[in-house]
Amino acid sequence: QVQLVESGGGVVQSGGSLRLSCATSRSGFSMNTLGWYRQAPGKQREFVAKIPVWGRPTYADSVSGRFTISRDKAKNSVHLQMNSLKPEDTAVYYCNANRPVVTNSRGDLEVIHSWGQGIQVTVSS
């Protein structure tokens, strides 16, 4: 439902920085919690960071203090500034948008997730 297009990945040396960007629509930007997940080879997809429509960002312990998530209202985009990168940060990073939706007349809620195509981040030793 929500289109998400990532950019900014690549290869960087340990200790370096990268900035990931995720472009969405105006409605996607304004109606969803936006965030990032990542998946390393042989591992399950894990949460990295998120930023709600109204509220403060949340980070996984593994990236807290090194990564910063932010919104750019003018561009309907979310960004992930990654500093002090480590080899263990190597993964495919996925932009995520999610929001609760009413699924029936009872008012039951379900969280709907949308995903970008993924972008490779490689941190060399």
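Rules of the game
- Residues numbered from 1 in each chain as written.
- Predicted model: local features only at pLDDT ≥ 70, side-chain atom pairs only at ≥ 80, totals over all residues.
- Heavy atoms only, no water.
- Helix = DSSP H or I, 4+ residues; strand = E, 2+ residues; numbered from the N terminus.
- Buried < 20%, exposed > 50% of the residue type's maximum accessible area, 1.4 Å probe, protein only.
- Core = buried A, V, L, I, M, F, W, Y, C linked by side-chain atoms within 4.5 Å.
- Contact = heavy atoms within 4.5 Å.
- Salt bridge = Lys/Arg side-chain N within 4 Å of Asp/Glu carboxyl O.
- Pairing = 2+ DSSP bridges.
- Axes fitted to C-alpha atoms, helices over the stretch in contact; angles between N-to-C directions.

Visitor: Account for unusual backbone geometry, naming residues and giving values.
Guide: Trans peptide bonds make up the majority, and among non-glycine residues the majority have a negative phi. Residues other than glycine seldom take positive phi values, yet asparagine 76 does so here, at roughly 50°. Counting through the fold element by element, asparagine 76 comes out in the loop between β7 (67–72) and β8 (77–82). Even without being a glycine, serine 84 presents a positive backbone phi close to 50°. Overall, serine 84 belongs to the partly exposed group, its relative accessible area being 41%.

Visitor: With reference to specific residues and values, describe the nonpolar core.
Guide: By size, the foremost hydrophobic cluster in this structure holds 27 residues, and its most contacted members are Trp36, Leu80, Met82 and Tyr93. Taken together, the elements giving at least two residues each to this core come down to β3 (18–23), β4 (33–39), β5 (46–51), β7, β8, β9 (91–102) and β11 (119–124). If you tally residues by element for this core, the top one is β9, at 4 residues. In this structure leucine 80 touches Leu18, Arg19, Leu20, Trp36, Val48, Ala49, Phe67, Thr68, Ile69 and Tyr93, once residues within four positions along its chain are discounted.

Visitor: Any details on the pattern of salt bridges? Residues and values, ideally.
Guide: This model, assessed by the stated rule, comprises 4 salt bridges. Note that arginine 106 and aspartate 108 form a salt bridge whose closest N and O atoms lie 3.8 Å from each other. Aspartate 108 sits in the partly exposed class, given a relative accessible area of 29%. Sharing partners across several salt bridges, the network here consists of Arg38, Glu46, Arg66 and Asp89.

Visitor: Explain the sheet that holds β8 to me, and be specific about the residues and the numbers.
Guide: Strand order in this open sheet of 4 strands is β1-β3-β8-β7, and the pairing throughout is antiparallel. Only two strands of the sheet have a single partner each, and these edge strands are β1 (5–7) and β7. Across this sheet, the average inter-strand angle for adjacent strands is 20°, counted without regard to direction. Summarising the sheet, β7 and β8 pair through 6 bridges and their orientation is antiparallel. Across the sheet, serine 70 pairs through a bridge with histidine 79, a residue of β8.

Any functional reading would require information beyond the geometric quantities listed.
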